[in-house]
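Examining the three-dimensional arrangement
Spelled out from the first residue to the last, the chains are:
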Amino acid sequence: ENADGKYISPFHDIPLFAASKEDKEIPAKRSKTTGSEVLFNMVVEVPRWTNAKMEIATEEPLNPIKHDIKKGKLRYVANIFPHKGYIWNYGALPQTWEDPNHMDNITGCCGDNDPIDVCEIGSKIRSSGEIVQVKVLGVLALVDEGETDWKIIAISADDPEAQKIHGKYFYIDDVRKHKPGYLEATVDWFQLYKVPDGKPENHFAFNGEFKNKDFAVEIIKSTHEHWKALLHKKVDGGTIKCTNILVSGSPFCCSEEDARSIVQSAPAFMNGGSVSPEVDSWYFFPK
């Protein structure tokens, strides 16, 4: 639910750009800034130091956040020594989509069919479903099983260290200065996290080099355009569910009543409450 108590899709109905206080329209006409920075909304899927692979369920109506299942089993990431679980608050930028039918001319691979991923490196441990306004710092180009899987590096705008990272172009250099070893650990984690499952190491474009803020923002804008095409039926999204209540002009837009019906017709544990031991997955809609 959003602040007005309406059921929404965290994939489609939360704006990509953080709105200014004066502008609550969807999409926002004016973006919130800190200094000269445009801020983005991040949907937190996985809190730092946890292992459960929570993610926006792109193939289910209204796209609840769900514990991912593979081959009938709940998915968890292994602890990659010396790390415990995910080493950042991990999530996605809403209203972005890495089109699996679009070959990236940089990586030479198609998109992974998901919203673009975000690694938030602030000091606070966030909650799954929390919406955080973030400052983009750079991007890592992961090539995961032949698919382009961009990893945006960002920090919460209200984090005490956010103001220390202020270089005009090379925020990544400031990250190395103020959080030594964090970027190297990030590359190591993404390279190795699937190895305990018997899969090979992942690879990176640019030999694992982090690209700067401006490069990252261009990637975000590109995936936002792919999402727009998806929501306005200009491309075939396959099994992606585009149901939304706030995207103006989208043929997938439904009424508040329809959204409520979708949620209320789902199993009871989806609509609040605790999870019983018999339930092998769980969902919720972020506020």
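Numbering of residues begins from 1 in every chain and follows the order in which that chain's sequence is written. Whole-chain, interface and lining totals are the exception, using all residues; otherwise, since this is a predicted model, local features are given only for residues with pLDDT of at least 70 and side-chain atom pairs are given and counted only at 80 or more. For side-chain calculations, the full set of non-hydrogen atoms in the structure is used, while hydrogens and water are omitted.

1. Regarding the packing of aromatic side chains
Each aromatic ring pair is characterised by the separation of its centres together with the angle its planes make. Basically, it comes down to this: In this scheme Phe, Tyr and Trp rings, the latter by its six-membered ring, pair at centre separations within 6.5 Å, and the angle between planes marks the pair as stacked below 30 degrees, edge-to-face above 60, and tilted otherwise. Only DSSP runs of H or I reaching four residues or more are called helices, and only runs of E reaching two or more are called strands; each is numbered from the N terminus. Think of it in three bands: residues with accessible area under 20% of the maximum for their type are buried, residues over 50% are exposed, and the middle band is partly exposed, with areas taken using a 1.4 Å probe on protein chains only. For a lysine, the NZ atom is tested; for an arginine, the CZ atom; a charge sits over a ring if that atom is within 6 Å of the ring centre and within 35 degrees of the ring normal.
Tallied over the full model, the rule gives 13 aromatic pairs. When the ring of Tyr 86 is compared with that of Trp 189, the centres are 5.2 Å apart and the planes differ by 40 degrees; the resulting orientation is tilted. Of this pair, Tyr 86 sits in the loop between β7 (73-74) and β8 (89-92) while Trp 189 sits in helix α2 (residues 182-192), and the two are 103 residues apart along the sequence. Like Tyr 86, the residue Trp 189 is buried in the burial classification. Judged by centre distance (4.9 Å) and plane angle (15 degrees), the ring pair of Trp 88 and Phe 190 falls under stacked. Of this pair, Trp 88 sits in the loop between β7 and β8 while Phe 190 sits in helix α2; the two residues are 102 residues apart in sequence, bridging distant segments of the chain. For the residue pair Trp 88 and Phe 190, the accessibility class agrees, reading buried in each case. Of the aromatic side chains, those joined through ring pairs into one cluster are Tyr 86, Trp 88, Tyr 90, Trp 189, Phe 190 and Tyr 193. Seen from the ring of Trp 49, Arg 48 lies directly overhead, with NZ or CZ sitting 5.8 Å from the centre.

2. Describing a nonpolar patch on the surface
The condition is simple: The patches described consist of residues with a relative accessible area above 30% and no salt bridge, like charges being joined within 9 Å and nonpolar side chains (Val, Leu, Ile, Met, Phe, Trp, Tyr) within 5 Å. Only the protein chains shown count as cover for residues, with accessible areas throughout obtained via the Shrake-Rupley method and a probe of 1.4 Å. In the sections that follow, a salt bridge refers to a side-chain nitrogen of Lys or Arg positioned within 4 Å of a carboxyl oxygen of Asp or Glu.
A grouping of Ile 69, Leu 74 and Tyr 76 is seen on the molecular surface, where their side chains present a nonpolar patch of about 250 Å² in accessible area. Mapped onto the secondary structure, Tyr 76 falls in the loop between β7 and β8.

3. Comments concerning unusual backbone geometry
With an omega dihedral of 5 degrees, the bond running from Phe 81 to Pro 82 counts as a cis peptide bond. Position of Pro 82 among the secondary structure elements: in the loop between β7 and β8. Phi at Leu 62 takes a positive value of approximately 65 degrees, unusual for a residue other than glycine. Turning to its location among the elements, Leu 62 is positioned in the loop between β4 (54-56) and β5 (65-67). Note on Leu 62: relative accessible area 0%, which makes it buried. In this structure, Asn 113 takes a positive phi of about 75 degrees despite not being glycine. The topology assignment puts Asn 113 in the loop between β8 and β9 (117-120). On the basis of relative accessibility, which here comes to 18%, the residue Asn 113 falls in the buried class.

These results come straight from atomic positions and should not be treated as a statement about function.
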